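Descriptive structure summary
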Amino acid sequence: MPGLTRFVDEVEEPIRLALSIHAAEGRLRSELMPVNDRYPLADVLAECRRYFELRRRKVFVEYVMLAGVNDSPAAARRLAAVLEPGVFKVNLIPYNPTGSFEGSPRAAIEAFKRVLEAARIPATVRLTRGRDIEAACGQLASARV
């Protein structure tokens, strides 16, 4: 959060701000991202809104889709409820299985996207690359050497 505040206050170059959320509900977000306990989502989103007001640049939300964890229509509605159209754009990221989670099926990702779009929150689904060589997002970090 202190780094985000510095970025908002000091960086005037046209740099895109991307925020990893992965869950809009506090308890689940804390399970997935323990940093949520120290810097709650509401505070982080407030700083992102300040960035938008100062720089007039959308904030990109990165949301990894985890089967049965954060990919339900209810989770999409919770996410849409905390984001404003015109300020935020969501990138839905198919999870590359590396251990304790499974990636959401394509149908669940599309249903999630439809809920966001119905709330006027723009959303895209990221292409997955590198799975075949275990070099996709997150896979290298979990590789055993």
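A brief structural summary. (Residues numbered from 1 in each chain as written. Predicted model: local features only at pLDDT ≥ 70, side-chain atom pairs only at ≥ 80, totals over all residues. Heavy atoms only, no water.)

1. Things to note about the pattern of salt bridges
For the structure shown, the criterion picks out 8 salt bridges. Its salt-bridge partner being Arg27, residue Glu31 comes within 3.8 Å of it at the nearest N-O pair. Here Glu31 pairs with Arg27, and both are found in helix 2 (residues 26-32), just 4 residues apart, close to one helical turn. Overall, the relative accessible area of 54% leaves Glu31 in the exposed class. A salt bridge links Glu53 to Arg56, with the shortest nitrogen-to-oxygen separation between them at 3.7 Å. Overlapping salt bridges bring together Asp9, Glu47 and Arg50 as one network. (Salt bridge = Lys/Arg side-chain N within 4 Å of Asp/Glu carboxyl O. Helix = DSSP H or I, 4+ residues; strand = E, 2+ residues; numbered from the N terminus. Buried < 20%, exposed > 50% of the residue type's maximum accessible area, 1.4 Å probe, protein only.)

2. What about helix 1 (residues 2-10)?
An α-helical turn contains 3.6 residues, so any two residues separated by three or four positions project in the same direction. Among the residues of helix 1, Leu4, Phe7 and Val8 are the ones counted as buried. Here the buried residues of helix 1 occupy an arc of 95 degrees about the axis, which is enough to place them on one side. Looking at the buried positions of helix 1, the neighbouring elements they touch are strand 1 (17-20) and helix 4 (41-55). (Arc of directions from axis to C-beta. Contact = heavy atoms within 4.5 Å.)

3. Let's talk about the sheet that holds strand 2 (residues 59-65)
With parallel pairing, the 4 strands of this open sheet are ordered in space as 1-2-3-4. Strands with a single pairing partner mark the edges of an open sheet, and in this sheet they are strand 1 and strand 4 (123-125). The average undirected angle you get between the axes of adjacent strands in this sheet is 25 degrees. As paired elements, strand 1 and strand 2 share 4 bridges and run parallel to each other. (Pairing = 2+ DSSP bridges. Axes fitted to C-alpha atoms, helices over the stretch in contact; angles between N-to-C directions.)

4. What to know about the nonpolar core
Formed by 33 residues in total, the largest nonpolar core has its most connected members in Leu79, Leu83, Val90, Phe112 and Leu116. Of all the secondary structure elements, the ones that give two or more residues to this core are helix 1, strand 1, helix 4, strand 2, helix 5 (73-82), strand 3 (88-94) and helix 6 (106-118). Sort the elements by how many residues they give to this core and helix 4 lands first, with 6 residues. (Core = buried A, V, L, I, M, F, W, Y, C linked by side-chain atoms within 4.5 Å.)

5. Considering the pairing of strand 3
Of all 7 residues that make up strand 3, 6 are buried, and the element is covered over most of its length. Pairing analysis gives 7 bridges linking strand 2 to strand 3, with the strands arranged parallel. Looking at the pairing, Val59 lines up with Phe88 of strand 3. Since strand 2 and strand 3 lie parallel, the crossover through helix 5 that links them has a hand, and here it is right-handed. As judged from the 3 bridges shared by strand 3 and strand 4, these two strands associate in the parallel manner. (Right-handed = clockwise from strand over helix to strand, strands pointing away.)

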